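Each chain, written out:
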Amino acid sequence: MYQFTEDCLIGVPDIDGEHRQLFQMLNETVALLEQDADSVDTMESAKELIWSLEDYAATHFMHEEAYMEQIGDGELLRQKKEHQEFIENVKSYEIASIDADNGRMVIEELLEYLSRWLYRHILGSDMMIGYHTASSEQQASFAFTEEYKTGIAFVDEEHRRLFEIIRETNDLIQDTVLHDKYDRIVHILGELKEYTILHFRDEEEYMESIQYTGLEAQRYAHQSFVDRLDEIDMNGVDENQQEYLVELIDYLLDWLVNHILKMDKRIPVKV
C-alpha cells in the first residue's frame, strides 16, 4: 500500500485533502488487484478505478492551479507543465484496450508510475506552493542561521556550504561589472549539482544507518530537486542570464530552506 505520511502535508487543507484522496484511490486499485486480478470483472473494476483516478487528478490540478493563481505563485507555469505531462503519460497507457491477459502487468506498471510521480511532485513541487511569498523577506540575508541546524554536525556543515553556493549565485546576479556571466553560471551550477548530489547521498546513508522511517520520502524529495537541476536549459540561460538567475536563486533558496525546516529537522540525531 502507498502511505500518505506527514511528510506529504503542504499545509493547505484543501490540497492536502485531495492528495490524500489520490493515494486512497491508488490503494483501492491495489486492493482490488490483490483479490482476483485474473478475472474479467476485477480487471474491468480496476480500469474504472484508474479512469476515476485520472479524472480526479485532472480536477485536483485545476483546483491547485486556481489556488496558485489566486496567491500569485511564481511556480504556476512550471506546475501546469508538470500536470500536463502527467495527464499525457497516463493517457499513453490506453487503459481501455487492456484485458485480463495483459491487464495486471499494465495496471501494476501504471500504479508504480502514479505513486512515484505523486510522491516526487508533492515533495518537490507542491511543497513549495505559497512558500516564496511567505519567506522571501526572512531569507534575504542568505545566512545559515541557528534556525536551520538539525543537530547532525555533517548535515549542518553541508547545508552551510549549499547556502554559500547559493549566496555566490546571488553575488553573481548583483555583479554590475561582469556583463557576460555565462561561464560563471555554468561553473556555479555544476558545482551546485555536484555538491547537492554528494550531500543527498551522505544524508541518505546516515538516515539508512539509523533506520529512519522517513528515508523514502526524503529520497523522493532529493530526486525531485536533482531533476530540477537536470532540466536547466543552458541555451536559455545564455539568452537571458539576469532574469534566469533571479528565478533560479529564488527557487534554490526557497526549496532548501523549506526542505530543511519541514523534513531535515525531523531526522533524529544519532546518540
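Each remark here, short or long, concerns the structure printed above.
Residues numbered from 1 in each chain as written. Predicted model: local features only at pLDDT ≥ 70, side-chain atom pairs only at ≥ 80, totals over all residues. Heavy atoms only, no water.

Turning next to the packing of aromatic side chains. Summed over the entire model, instances satisfying the criterion amount to 16 aromatic pairs. Centre to centre, the rings of Tyr148 and Phe163 are 5.3 Å apart; their planes meet at 25 degrees, and the pair counts as stacked. Here the residue Tyr148 occupies a position in the loop between α5 (131–135) and α6 (153–174), and Phe163 occupies one in helix α6, the gap between them amounting to 15 residues. Comparing Tyr148 with Phe163 shows no difference in burial state: the two are buried. Here the aromatic residues Phe61, Phe86, Tyr93, Tyr113 and Trp117 are joined through ring pairs into a cluster of three or more. (Phe/Tyr/Trp six-rings, centres within 6.5 Å; stacked < 30°, edge-to-face > 60°. Helix = DSSP H or I, 4+ residues; strand = E, 2+ residues; numbered from the N terminus. Buried < 20%, exposed > 50% of the residue type's maximum accessible area, 1.4 Å probe, protein only.)

Let us now look at empty space enclosed by the protein. What the rule picks out here adds up to 2 cavities of 30 Å³ or more. Its boundaries defined by the atoms lining it, the largest cavity holds a volume of some 60 Å³. In terms of lining, the largest cavity is formed by Leu162, Ile166, Leu192, Thr196, Phe200, Phe225, Leu252, Trp255 and Leu256. Elements with a minimum of two residues in the lining of the largest cavity: α6, α7 (182–209) and α10 (241–262). Taken together, the residues that form the lining of the largest cavity break down as 8 nonpolar, 1 polar and no charged. Size it by volume and the second largest cavity reaches roughly 40 Å³. In this structure, the second largest cavity is lined by Leu123, Met127, Met128, Trp255, Asn258, His259, Lys262 and Met263. In terms of residue count, the dominant contributor to the lining of the second largest cavity is α10 (4 residues). When grouped by side-chain class, the residues that make up the lining of the second largest cavity number 5 nonpolar, 2 polar and 1 charged. (1 Å grid on protein atoms, 1.4 Å probe; cavity = no way out; pocket = protein on both sides within 12 Å on 5 of 7 lines; lining within 4 Å. Points joined across faces, edges and corners; volume = space filled by probe spheres on them. Nonpolar A, V, L, I, M, F, W, Y, C, P; charged D, E, K, R; others polar.)

What follows covers unusual backbone geometry. Even without being a glycine, Glu94 presents a positive backbone phi close to 50 degrees. Looking at the element boundaries, Glu94 is found in the loop between α3 (76–91) and α4 (103–124). At Gln211, a position not held by glycine, the phi torsion is positive, near 55 degrees. With respect to the helices, strands and loops of the structure, Gln211 is situated in the loop between α7 and α8 (215–230). Gln211 gets classed as exposed once you look at its relative accessible area, which sits at 71%.

Another point: helix α2 (residues 40–71). Compared with the 46 Å implied by 1.5 Å per residue over 32 residues, the 47 Å span of α2 between its first and last C-alpha is a close match. Two residues or fewer past α2, Gly72 is found with a positive phi of approximately 70 degrees. (Expected span 1.5 Å × (residues − 1).)

On to the side chain of Asn258, then. By the element assignment, Asn258 lies in helix α10. Setting aside residues no more than four positions away along its own chain, Asn258 makes contact with Met127, Met128, Tyr131 and Met263. (Contact = heavy atoms within 4.5 Å.)

Interaxial distance between α2 and α3 falls to 10 Å at its minimum, and their mutual angle equals 175 degrees. Considering their axes alone, α2 and α3 lie roughly antiparallel with respect to each other. Here α2 contributes Glu54, Ala57, Ala58, Phe61, Glu64, Glu65, Met68 and Glu69 to the contact with α3, which in turn contributes Leu76, Gln79, Lys80, His83, Phe86, Ile87, Val90 and Lys91. Partitioned by chemical class, the residues of the contact of α2 with α3 number 8 nonpolar, 2 polar and 6 charged. (Axes fitted to C-alpha atoms, helices over the stretch in contact; angles between N-to-C directions. Parallel < 35°, antiparallel > 145°, perpendicular 65-115°, else oblique.)

Looking at the secondary structure, you find Glu158 in helix α6. An unpaired buried charge is present at Glu158: no salt bridge exists, and Arg201, the closest side chain of opposite charge, is 7.2 Å distant. (Lys, Arg positive; Asp, Glu negative; His and termini not counted. Salt bridge = Lys/Arg side-chain N within 4 Å of Asp/Glu carboxyl O.)

Moving on: the nonpolar core. Judged by nonpolar contacts, the single largest core of 74 residues is most densely connected at Phe86, Leu111, Tyr113, Leu114, Phe163 and Leu252. Mapped by element, the contributors of at least two residues to this core are α1 (13–36), α2, α3, α4, α6, α7, α8 and α10. Not counting chain neighbours up to four residues away, the residues in contact with Phe86 comprise Ala57, Phe61, Tyr113, Leu114 and Trp117. If you look at the next biggest cluster of nonpolar residues, it comprises 7 residues, including Val155, Met207, Tyr212 and Ile267. (Core = buried A, V, L, I, M, F, W, Y, C linked by side-chain atoms within 4.5 Å.)

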